[in-house]
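# Structural description and commentary
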Amino acid sequence: MQFAEQQRVWKIVDQQNVDSLYQLQAKNYRQDNGSKGIEENTLARVQKLFNDRVTHCFSVDEVVSETGLSKTTTRRYLEHCVEAGFLSVEMLYGKIGHPRRMYRRSAA
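Residues numbered from 1 in each chain as written. Predicted model: local features only at pLDDT ≥ 70, side-chain atom pairs only at ≥ 80, totals over all residues. Heavy atoms only, no water.

Per an unreviewed UniProt entry, the recorded name for the protein chain is Transcriptional regulatory protein CitB, and the organism is Kluyvera cryocrescens.

### Let's talk about the side chain of S59
Looking at the element boundaries, S59 is found in the loop between α3 (40-52) and α4 (60-67). Its relative accessible area of 7% is what places S59 among the buried residues. Apart from the residues within four sequence positions on either side, S59 is in contact with R100, R101 and M102. (Helix = DSSP H or I, 4+ residues; strand = E, 2+ residues; numbered from the N terminus. Buried < 20%, exposed > 50% of the residue type's maximum accessible area, 1.4 Å probe, protein only. Contact = heavy atoms within 4.5 Å.)

### A word on the pattern of salt bridges
One pass over the full model with this rule turns up 5 salt bridges. For D52, the salt bridge goes to K48, with nearest N and O atoms at 2.6 Å. Placement of the pair is D52 and K48 together in helix α3, with a separation of 4 residues, close to one helical turn. The exposure class of D52 is exposed, given its relative accessible area of 51%. Residue E79 pairs with R101 through a salt bridge whose shortest N-O separation is 3.0 Å. Of this pair, E79 sits in helix α5 (residues 71-83) while R101 sits in strand β2 (residues 100-105); the two residues are 22 residues apart in sequence, bridging distant segments of the chain. Here R101 falls in the partly exposed class, since its relative accessible area comes to 35%. (Salt bridge = Lys/Arg side-chain N within 4 Å of Asp/Glu carboxyl O.)

### Some words on the nonpolar core
It is characteristic of soluble globular proteins that their nonpolar side chains tend to be buried jointly. Judged by nonpolar contacts, the single largest core of 15 residues is most densely connected at V46, F50, V63, L78, L87 and Y103. Where this core is concerned, the elements lending two or more residues are α3, α4 and α5. In terms of residue count, α3 provides more of this core than any other element does, 4 residues in total. With sequence-adjacent residues up to four places away left out, V63 is seen in contact with L49, F50, F58, G68, T74 and L78. (Core = buried A, V, L, I, M, F, W, Y, C linked by side-chain atoms within 4.5 Å.)

Written out as structure tokens, the structure is:
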């Protein structure tokens, strides 16, 4: 609301005003801890698996087997962990078909 109001107030918009608007947005931006569809207990279950076996590379199917989550849910949580920097992805290229995404705990 402050961002929109400030835009209406200014008669002339120069670089300083634009910078100030971006700072206003950044200051008021609230990091959303629980990204849409990410539940804390489920996230903890996935992360525990990687914390317990830090050097192991897991396929989606292995994580499904270990956690009991559905494949779709597992993929969503794994990609969330990659975006958050908790996991890294390695591609495993086989002889036939698509490469497999392998997930490993990122170096802290």
